Amino acid sequence: MRTFRVLSRSFAIRARSKLPKSWRGTNPRQPYRSSRGLKIMCCATRWQTSPGSLSKGGPDMDGHGPLADDLPLATPSEAAAETWDAIIVGAGPGGSAAAIELARRGRKVILIDREDFPRDKSCGDGITRSGISQLKRLGILSALTDQQEVEGVRVHMRNRGHRDFRYEGENDYGLVVPRLILDDCLLRQARAEGAAFMPKCRADDLVTDESGTVTGVSARMQDGTTVVLTGYMVIAADGAASRLAKAAGLRETPEQGYGTALRGYVDGCGDTPPLLEIMLPLTDVTDRYLLPSYGWAFPTGKGTANVGVGLFCRAFDTNVRTLFDQFLDVLRKDYPEYSGIQLSGTTLGAPLRFDFAPERAANSGLLLVGDAAGLISPFTGEGISFALESGALAAQTTDRCLRTGAGPWVAADDYALLLGDRFAGYFTLGNRASRRYEFIWRVLDDTFESEKPVHNMLRRAVLVPEGTGNDVESAMLDDVSPLVRVPEMPLGDDLRDVGARLNRIVRTDWPFLTRMSFAGKRADMVAFRPSLLLLLTSYLGDVEAKRRRAAATALELAYLGFLAQSGIRGIEVAAVTADATANWGDKLGILTGDYLLAKAHEVGARDCPDLVPEILSAMASACEGRVSELRTAWQPDLTVEMRIAQMRQCMAAFFRLPCELGAMLAEKNDLLNALCDYGENLGLAYLLTEDELALDRPSGSTPFASDLSSGLFSVPFLKAAQGQKGGAAARAFISHRDPARFLAEISQTTRHIKRQQLPEKYRDQAIEALSFLPQGGVAKSLSALAGYAVSRQVPKRRVL
Ligand SMILES: Cc1cc2nc3c(=O)[nH]c(=O)nc-3n(C[C@H](O)[C@H](O)[C@H](O)COP(=O)(O)OP(=O)(O)OC[C@H]3O[C@@H](n4cnc5c(N)ncnc54)[C@H](O)[C@@H]3O)c2cc1C
């Protein structure tokens, strides 16, 4: 790991070069006049830190304090004489992010902190993928290249092994950066961009005018002198105990909106993985009761880690320090790579505030940012990325209102709306869920061993919901844009609009569902999914954009709702609804499905009510198909014809339905049957290909293949089972339920089955149905998609 010394030097050089010309001088102790007329004293020794203020086990300080530098600091008298565009209180991630964004826009901004920097801060130091994209935007990622990279999250369930949740994208990664380094980097960047900084300056109170609008802060320097700073906007980024939020009456935090966390640094770690390791569940001292808490071990370098515990509920009669000591014992006892760990330096604890509510995030002249606004994830305890993002939003709002001449109360309203739109659902849900139901722990516990796509998705969603609202990625979906040839149609705009609608709809109530695959890997990608088929077929007529987009949105919601419901543990469905001890993953799957179906109904009823009955009856029929599948589970003597009939009624319906709806939208009744035929055969070709692909996978599964482990036997399985050699293997599989062994045993038979080319038969029938369509881009595209359903080949990419 690069030492802090080197980091400081390189950053200081870069920072200096970015200073406004008039601030760059020859004698660092001379006062300078900034471009905005503020006289600022430079202080060459400002960054020296007393050795006692750094915990021994923290980042490598190389035995020295950080380099002194000559970036100019604001003095109280000069700062008081200025009228600022923004006064930012607190130079943590939230405050510095706001300062960077404002200074970059040429705003006159001052940042104050009660501490001298660099300063340590109680934290796990874990920065997830969404934090990385914020840091990149702020321009400090390049200064962190030597910090510990992580590839995702590993969750350990005590006594049940672990699961890895790796970031999927090519450039996705996380970091573990000691806050001593991270916060200093951010602050330096803010100053380099032109923000003034005044350390050892503690804000005591707000200054308001006669209307109650906040016009500044009164603060106290370490030597006892007071200073009053005035300006257009106060941005309070003063952390979880925010004095300014309290002064403004914005902090009536319910007791449940608090948690506590404590961390320490350890050395003596063995070979730990480059992952953020989370250990669940933690129990009380008697080791009997599950606590709404978690432990973590985040690697900070060779043999060292940041370890800690978070307790999400203060009401629990548990002391976080006792929990921490217990956790160290568990680490040493149960995890060989941590058996030799020793605490180095002091431990630090702090409150976790996750009581965010948009109406308590701003007042006229005052915007709260990060922890001050209660923006810590109630799911995971993550707060850095929320602080960075809310800081940027506060800055953008302030800048916009200054530019348009809007009053500070307008900025407060705008900011509250923006934050609400971005985070409200996520926090409301998280608060309720983690508080009342210990939701995350239960879902994880109940789905830990399940490979069902819906359980997988829900597990990821509750555990790593960071990235809420970002474009969703899915490794499952291919980009089929080169196959689509309708340049005269606004397909890209339509699909983007549908994706945005879907995200908006679920983000409000069930934000973790934004991780579902609404879109594709990239914003410009065209994924092979129901909305694509609906839009393409609707282009056969002249359909109003609003109507076809609403229909596509309702269809996607219904489709996802069906997938969520149909993924629950098949045969035990009855138990799930009747039995109070049922599986939490299944319960969540049912709730999710119901919610999505209700939303599908709502969207459809508003903008395309005539299509709703078709969607509902297709859903009902698909459900019947599903029930029929479940009734015949684990029956190797099911005939191939019966299995294909089930597929036709169940999943293939979601290929037929979009084509049917497209024909209805386009008012092409004469093409309705042909398009339904096309859709159904396309679906069969696609699904049978999935089943064949699953034969070559050790787990015997692909996201859309028949689920062997639930006894839903695919056509190739049935064919193999009904053959001579395969019969014995199938019987063995049914008694051992070991798909990998079964697949190995029947590999010869399956090669033969593949040669029978069943998917190709349905592909050809799909293409044949297209002969009724007029020649043109739509027919060509549908035909190419039918080819893709079997070949899974997409020619070289053509950007839409
Ligand atoms: C033990 C623990 C572990 C955590 N682990 C993680 C993790 O691994 N990943 C993650 O993303 N999040 C984690 N968090 C949450 C994360 O630390 C916070 O969400 C994040 O620091 C919020 O940033 P902020 O800028 O809002 O506030 P802070 O980082 O708290 O910064 C507030 C600043 O304001 C200053 N200040 C306070 N009052 C005044 C005043 N009156 N006048 C002037 N200055 C003032 C303080 O000195 C401080 O510099 C953890 C929290 C705890 C307690």
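Reading the values: rules and limits
- Residues numbered from 1 in each chain as written.
- Predicted model: local features only at pLDDT ≥ 70, side-chain atom pairs only at ≥ 80, totals over all residues.
- Heavy atoms only, no water.
- Helix = DSSP H or I, 4+ residues; strand = E, 2+ residues; numbered from the N terminus.
- Buried < 20%, exposed > 50% of the residue type's maximum accessible area, 1.4 Å probe, protein only.
- Contact = heavy atoms within 4.5 Å.
- Areas by Shrake-Rupley, 256 points an atom, 1.4 Å probe, with all protein chains shown as cover.
- Phe/Tyr/Trp six-rings, centres within 6.5 Å; stacked < 30°, edge-to-face > 60°.
- Lys NZ or Arg CZ within 6 Å of the ring centre and 35° of its normal.
- Pairing = 2+ DSSP bridges.
- Axes fitted to C-alpha atoms, helices over the stretch in contact; angles between N-to-C directions.
- Near = heavy atom within 4 Å.
- Polar contact = N/O pair within 3.5 Å; in protein donor to acceptor, adjacent residues only side chain to side chain.
- Nonpolar A, V, L, I, M, F, W, Y, C, P; charged D, E, K, R; others polar.
- Domains from an automatic or database assignment.
- Parallel < 35°, antiparallel > 145°, perpendicular 65-115°, else oblique.
- Left-handed = near helix turned anticlockwise from the far one by under 90°.
- Salt bridge = Lys/Arg side-chain N within 4 Å of Asp/Glu carboxyl O.

Draft legend 1. The overall build of the protein, seen in detail. Within the protein one finds 26 helices and 23 strands. Looking at the protein residue by residue over its 800 residues, the buried ones come to 61%. In the protein, of all internal contacts separated by at least 6 residues, the share reaching a separation of at least 24 is 75%. Summed over its atoms, the accessible surface of the protein is roughly 31300 Å², and 50% of this surface lies on carbon and sulfur atoms.

Draft legend 2. Seen up close, the packing of aromatic side chains. Under the defined criterion, the tally for this structure stands at 13 aromatic pairs. Judged by centre distance (5.2 Å) and plane angle (70 degrees), the rings of Phe528 and Tyr788 are edge-to-face. You can see Phe528 sitting in the loop between α12 (491–509) and α13 (530–538) and its partner Tyr788 sitting in helix α26 (residues 777–791), a full 260 residues away along the chain. The two residues Phe528 and Tyr788 agree in class, both being buried. Each residue in the set Phe528, Phe655, Tyr686 and Tyr788 is aromatic and connected to the rest through ring pairs, giving one cluster. The aromatic ring of Tyr686 is capped on one face by Arg792, whose charged end is 3.9 Å from the ring centroid. Directly above the ring of Tyr788 sits Arg792, whose terminal nitrogen or CZ lies 6.0 Å from the centroid.

Draft legend 3. Expanded view of the pairing of strand β13 (residues 214–221). Relative to β13, strand β12 (residues 201–208) runs antiparallel, the two being bridged by seven bridges. Counterpart to Thr208 in the pairing with β13 is Val214. Count of turn residues in the β12/β13 antiparallel hairpin: five residues, of which Gly212 carries a positive phi of about 95 degrees. Sheet topology places β13 next to strand β14 (residues 226–236); five bridges connect them, and they run antiparallel. Directly across from Ala219, in β14, lies its bridge partner Val227. Taken together, β13 and the strand that follows it, β14, pair antiparallel across an intervening segment of four residues, in which Gly224 is found at a positive phi of about 95 degrees.

Draft legend 4. Structural view of the sheet that holds strand β20 (residues 304–311). Spatially, seven strands are ordered β9-β8-β16-β19-β20-β15-β21 in an open sheet, and the strand pairing comes out mixed. The two strands at the open ends of the sheet, each matched to only one other strand, are β9 (162–166) and β21 (342–353). Across the sheet, the axes of successive neighbouring strands diverge by a mean angle of 20 degrees, strand direction being ignored. Contacts from helix α7 (residues 320–334) reach β15 (258–267), β16 (276–280), β19 (293–301), β20 and β21, with the element oriented near 135 degrees to β20. Against the sheet, helix α10 (residues 439–447) engages β8 (152–157), β16 and β19, with an angle of about 80 degrees to β8.

Draft legend 5. Region of the structure containing the site of the ligand. Neighbouring the ligand are 37 residues; Asp113, Gly124, Gly126, Arg179 and Asp371 lie closest to it. Taking Arg114, its main chain carries an N or O atom lying 3.1 Å from a nitrogen atom of the ligand. Secondary-structure elements contributing two or more residues to the shell around the ligand are α3 (93–104), β12, β15, β19, β21 and α8 (384–404). Here the shell around the ligand takes three residues from β12, the largest share from any one element. Looking at side-chain class alone, the shell around the ligand contains 16 nonpolar, ten polar and eleven charged residues. Each of domain 1 (4–252 + 356–424) and domain 2 (255–353) accounts for three or more of the residues forming the shell around the ligand.

Draft legend 6. Main features of the sheet that holds strand β7 (residues 148–150). Ordered in space as β6-β10-β7, the three strands form an open sheet in which the pairing is antiparallel. Only two strands of the sheet have a single neighbouring strand rather than two, namely β6 (126–127) and β7. Alignment of β6 against strand β10 (residues 174–176), held across two bridges, turns out to be antiparallel. Of the residues in β10, the one forming a bridge with Gly126 is Val176.

Draft legend 7. Structural detail: the packing of helix α20 (residues 672–695) against helix α25 (residues 758–769). Contact pair α20 / α25: the axes reach a minimum separation of 8 Å and the direction vectors enclose 160 degrees. For the element pair α20 / α25, the angle class is roughly antiparallel. The handedness of the crossing between α20 and α25 comes out as left-handed. In contact with Ala674, Asp677, Tyr678, Asn681, Leu682, Leu684, Ala685, Leu688, Thr689 and Glu692 of α20, α25 contributes Leu758, Pro759, Tyr762, Arg763, Gln765, Ala766 and Ala769. Each residue belonging to the contact of α20 with α25 can be placed in one class, and the counts come to eleven nonpolar, three polar and three charged.

Draft legend 8. Just unusual backbone geometry, in detail. For the bond from Phe117 to Pro118, the omega torsion is 0 degrees, close enough to zero to count as cis. Take Pro118: it is sitting in the loop between β5 (109–112) and β6. In this structure, Trp634 takes a positive phi of about 65 degrees despite not being glycine. Residue position: Trp634 is located in the loop between α17 (612–631) and α18 (640–649). Even without being glycine, Arg792 reaches a positive phi, approximately 55 degrees. Locating Arg792 in the fold gives a position in the segment after α26. Taking relative accessible area as the criterion, Arg792 reaches 18% and is therefore assigned buried.

Draft legend 9. Spotlight on the pattern of salt bridges. All told, the structure shown has 41 salt bridges when counted by the stated rule. A salt bridge links Arg403 to Asp399, with the nearest nitrogen and oxygen atoms 3.4 Å apart. Taken together, the positions of Arg403 and Asp399, both in helix α8 and four residues apart, correspond to about one turn of that helix. Owing to a relative accessible area of 6%, Asp399 belongs among the buried residues under this scheme. Salt bridges sharing common partners tie together Glu101, Arg105, Arg107, Arg137, Asp399 and Arg403.

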